[in-house]
Every structure is written in structure tokens, then in C-alpha cells.
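Descriptive analysis of the structure
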Amino acid sequence: MSRVTARSLGILRLWLVATVVFLPACAPASSNTKAETTDPIPVLSYYYIWFDTQSWDRAKIDYPLLGHYSSSNVDVMRQHIQWAKAAGIDGFIVSWKSTDKLNQRLEQLIKVADEENFKLAIIYQGLDFQRDPLPVAQVDADLSYFIDHYADDPAFSLYEKPLVIWSGTWEYSREDVEKVVLGKREQILILASEKNVDGYSRLADLVDGDAYYWSSVNPDTFTGYAEKLTGMSEAVHANGGLWIAPASPGFDARLIGGKTVVDRKNGHTLETQFNTALQSSPDAVGLISWNEFSENSHIEPSEKYNHRYLNVLANIRHVSAPRINDFDSSEPGNTQENLGFVQILALGLLGISIFAGLAVLIWRNRK
């Protein structure tokens, strides 16, 4: 082997190292691998997009590993979806009503979900902050807005029609519900959120099923817990509707006026509630929740629990536990902009390296 060839190979090796080091920094964070589970029943986790950085200053005893994030941060959305998919979650049930801020965030989330092959549904927040029902005209207009702007997106193709759960239906009369759903069920599935068989039966012919948001149940003390879920399932299925059964890792809303505390028991509570939900023959399990930190029902990796509850869920779903990356979205500056700068810098360094290597090769070959 000639001297020139040996040096040329050495330079080529340097280029290869530079490529291996810098190209991963240039690639966007993406994951198109869907977790393979042996359970055919979809798991949909309730997901909240109402967080601003100052939201974390109120009524919190735990905080995300991702920092005091804003729900407008696209990188946080992407990380949430990637972690959720890896743990066996099929989609998010997104808390929404039509406001400028929430519409913008929903649009961002839809885009990321499409890129990550992840599904979405909506839980429409029909009650205000004081738990009073929104005006019927507003509910009607908001659901029409959803149909006109979002319903055709592939992210909402989990079922034959986009799924919308109307939270707070128990505060509306049958006549009010009928006014809202009229003409909409041809385009979307509208589920009630009733808490018992009688409540659901009142609306059974007006809705496409029921999703019970029961985050505060204590399996150890609530007599007839499993029987209640099974009874609701039977009532919904008797009307040909979808039944979404609840499961939660624990509960503590004392900082927002609640009194009930459900101990997490290091994951045993989630296992118990998930298995009880499955026993009710659901069409999906509604996991409460991804990031409801005020009620402490969250499974998102956090300072207090780290990634324990994603590991518990992954074990339930028979998938490998997700890898947890380190980044703090509450650090100064916009995460997405910072990542873009790093990618540009990496490309620049790689270009300089290649140019220098070519120059050396040309010079050596001319000697």
C-alpha cells in the first residue's frame, strides 16, 4: 500500500467518525415504531394542553422531568408521544374546547401525531372552572368547529369516525344534548361522560356510548367497584355503543379542594384498576392520566416518581419499557430553536471537516 493511499484511508476514517458523531444531531427527533402489544384493546390516555410555564406554580406537589413546560412546546409534545407509544399507549384523549390558545396547541399536536403515527381523540370540556355547564350554544359551536377544522385529519381515525367525549353531560338536560348532537353524529362519534347506568340510559339513544372519567376510585374501599364498571359496560353495549373504561395510578386533589386520596402503592393501584377495566369488556381503556398533575393521577415521568409508571404500564402491555431522555423544557430559550441551532452547527462542522479532508487529499496526491 502506498504512503498516499494509507494517509487517504486515514482521512476517510476521520470523515466516517465525523459523520457518525454529527449526523445524529442533525436528524429530527422522530419515532415511527409502534409498540407491539398482545392486547388488542386500545389504551387511550387523557392528555392536557392547558399548561403555561406559570401553571406549575399552583397546586402541585410533583413536577415533570421535562421541567415546567408550556403546552405550546412542540418538542415536549413529541417527547410525550414517543414515550407514550413506547409504553403501549395507542393515543391521547385531548382535553379541549375552542379558544385561540387551545386551538393553536391542538393543531400543533395533530401535526406531531401525524408525523409519529399516533392517534388522538377529544374530551370536550363542557364545564367551566367552577364546574358549571357552558352555554349550549357554545358547546354546539365548538363541536361544529372541531368537525369543520380537525375531524378529517388522519390522527382522528382510530375508529370509523373521530371520537369526541362530552365531559359534563350530567349537567345538561336531555333536550340540550339533543340540540347539540343533532346532525353531528353522522360525522363524529359523541360519547357521554355519565357516571352510572341511570345517567347513561337517560341519553342512550342520543349518544354513541359512554366514557367514565373515574380518577378517584379506591379499589380497596369501594364496594362493588368492578360490578359497577361491568354494569355500565353492559348497558352501553346493549345500545350498540362504545364503552371506555377508566383506570388510574392513584389520586390526590387536596391542593385544589378535594379530600380523597388514593395511594399509588408503587404501581399496584394502576395494575388493579387496569385489570378491573379490562374485566368490563371495554372498547378502550381510558388511562387517567398522562399529565393531570393537579389531581396527581399522572403517569408522565416526574421528579417524584421518575419513569416508574411508564414501566408499570409497559409491563401490563407486554412491551419494553421506554428509554427516558434528559432535557429540561423550562431552561431559558425555546427548546425547538436551540435544537435547530445545534443541528445547523453540526452540519457546519461536518462540512468543514469534509472540505478540509478533500483539500488534504488533493494536496497529497499532487506531491
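This write-up is about the structure you can find in this document. Just so you know, these numbers come straight off a predicted model, no measurement behind them.

Reading the values: the criteria
- Within every chain, residues take consecutive numbers counted from 1 along the sequence as written.
- For a predicted model such as this one, the threshold for reporting local features is a pLDDT of at least 70, and the threshold for listing and counting side-chain atom pairs is 80 or more; totals across whole chains, interfaces and linings nevertheless cover every residue.
- As a convention, hydrogens and water are excluded, and side-chain values are obtained from all of the structure's heavy atoms.
- Helix numbering and strand numbering both begin at the N terminus, where a helix is a DSSP run of H or I of at least 4 residues and a strand a DSSP run of E of at least 2.
- Type-normalised accessible area, obtained with a 1.4 Å probe on protein chains alone, sets the label of each residue: buried when under 20%, exposed when over 50%, and partly exposed for intermediate values.
- Every residue pair with non-hydrogen atoms within 4.5 Å of one another is taken to be in contact.
- Under the convention used here, a 1.4 Å probe and the Shrake-Rupley method define accessible areas, while residue burial counts only the protein chains that appear.
- Here the term patch refers to residues with relative accessible area over 30% and no salt bridge, with like charges joined within 9 Å and nonpolar side chains (Val, Leu, Ile, Met, Phe, Trp, Tyr) within 5 Å.
- We define a salt bridge as a contact between a side-chain nitrogen of Lys or Arg and a carboxyl oxygen of Asp or Glu at a distance within 4 Å.
- Two strands qualify as a pair provided DSSP detects at least 2 bridges between them.
- Helix axes are fitted only over the stretch in contact, all axes being lines through C-alpha atoms; the angle between N-to-C directions runs from 0 to 180 degrees.
- Centre distance within 6.5 Å is the pairing criterion for rings of Phe, Tyr and Trp, where only the six-membered ring of Trp is used; planes under 30 degrees apart are then read as stacked, over 60 as edge-to-face, and the remainder as tilted.
- Think of it this way: Lys and Arg go in the positive column, Asp and Glu in the negative one, and His and the chain ends go nowhere.
- Within 3.5 Å is the distance limit for a polar contact, defined as a pair of N or O atoms, with the added protein rule that one can donate a hydrogen and the other accept it, and that residues adjacent in sequence qualify only through two side-chain atoms.

1. Section: the overall build of the protein
Helices and strands together make up the secondary structure of the protein, namely 10 helices and 10 strands. Relative to its full complement of 367 residues, the protein shows a buried share of 49%. If you take every contact in the protein between residues at least 6 apart in sequence, the share linking residues at least 24 apart comes to 75%. In the form shown here, the protein has an accessible surface area of approximately 17400 Å², with 54% of it arising from carbon and sulfur atoms.

2. Topic: a nonpolar patch on the surface
A surface patch of nonpolar side chains, about 260 Å² in accessible area, is lined by I61, L255 and I256. Relative to the assigned elements, I61 resides in the loop between β1 (43-48) and α2 (74-86). The partly exposed category is assigned to I61, whose relative accessible area is 42%.

3. Some remarks on the sheet that holds β1
The strand order β5-β4-β3-β2-β1-β10-β7-β6 describes an open sheet built from eight strands, whose pairing is parallel. Among the strands making up the open sheet, the edge pair consists of β5 (189-191) and β6 (209-211). Here the strands of the sheet are splayed against their neighbours by 25° on average, with no regard to which way each runs. Bridging between strand β2 (residues 91-96) and strand β3 (residues 119-125) involves six bridges; their strand directions are parallel. Of the residues in β3, the one forming a bridge with V94 is I122. With respect to the sheet, helix α7 (residues 225-238) is in contact with β6 and β7 (242-247), its orientation differing from that of β7 by roughly 165°.

4. A few points about the pairing of β1
With respect to burial, β1 is a largely interior element, six of its six residues being buried. Residues V43, S45 and Y47 point to one face of β1 and L44, Y46 and Y48 to the other, with burial holding for every one of them. Alignment of β1 against β2, held across five bridges, turns out to be parallel. For S45, the partnering residue across the bridge sits in β2 and is F92.

5. With respect to the side chain of R105
Relative to the helices and strands, R105 is located in helix α3 (residues 100-115). Classification of R105 by relative accessible area gives buried; the value is 1%. Sequence-distant contacts of R105, that is, excluding residues within four places in its chain, are made with I49, W50, F51, D52, S70, S71, S72 and M77.

6. A closer look at the packing of aromatic side chains
According to the stated counting rule, one finds 21 aromatic pairs in the structure shown. Ring centres of W214 and Y225 lie 5.6 Å apart, and the angle between their planes is 70°; on these two criteria the pair is classed as edge-to-face. Taken together, the residues span a long stretch of sequence, with W214 in the loop between β6 and α7 and Y225 in helix α7 at a distance of 11 residues. Accessibility expressed as a relative area gives 8% for W214, which makes it buried. Ring centres 5.3 Å apart and planes at 90° place the aromatic pair Y305 and Y309 in the edge-to-face group. Each member of the pair, Y305 as well as Y309, carries the same accessibility label: buried. Connected via pairs of aromatic rings, a cluster forms that spans Y48, W50, F51, W56, Y69 and F293.

7. Focus: the side chain of D62
Within the element layout of this structure, D62 appears in the loop between β1 and α2. Among buried charged residues, D62 stands out as having no salt bridge; its nearest opposite-charge side chain is R264, 6.1 Å away. A polar contact of 3.4 Å, which involves the side chain of D62, links it to the backbone nitrogen of E303. In terms of polar contacts, D62 uses its side chain to reach the backbone amide nitrogen of K304, at 2.9 Å. With residues near it in sequence (within four places) discarded, D62 still touches F293, N296, H298, S302, E303, K304 and Y305.

8. Overview of the environment of V285
Within the secondary structure, V285 is located in strand β10 (residues 284-287). Once the C-alpha coordinates of V285 and P246 are considered, the two residues, 39 residues apart in sequence, prove to be 6.0 Å apart.

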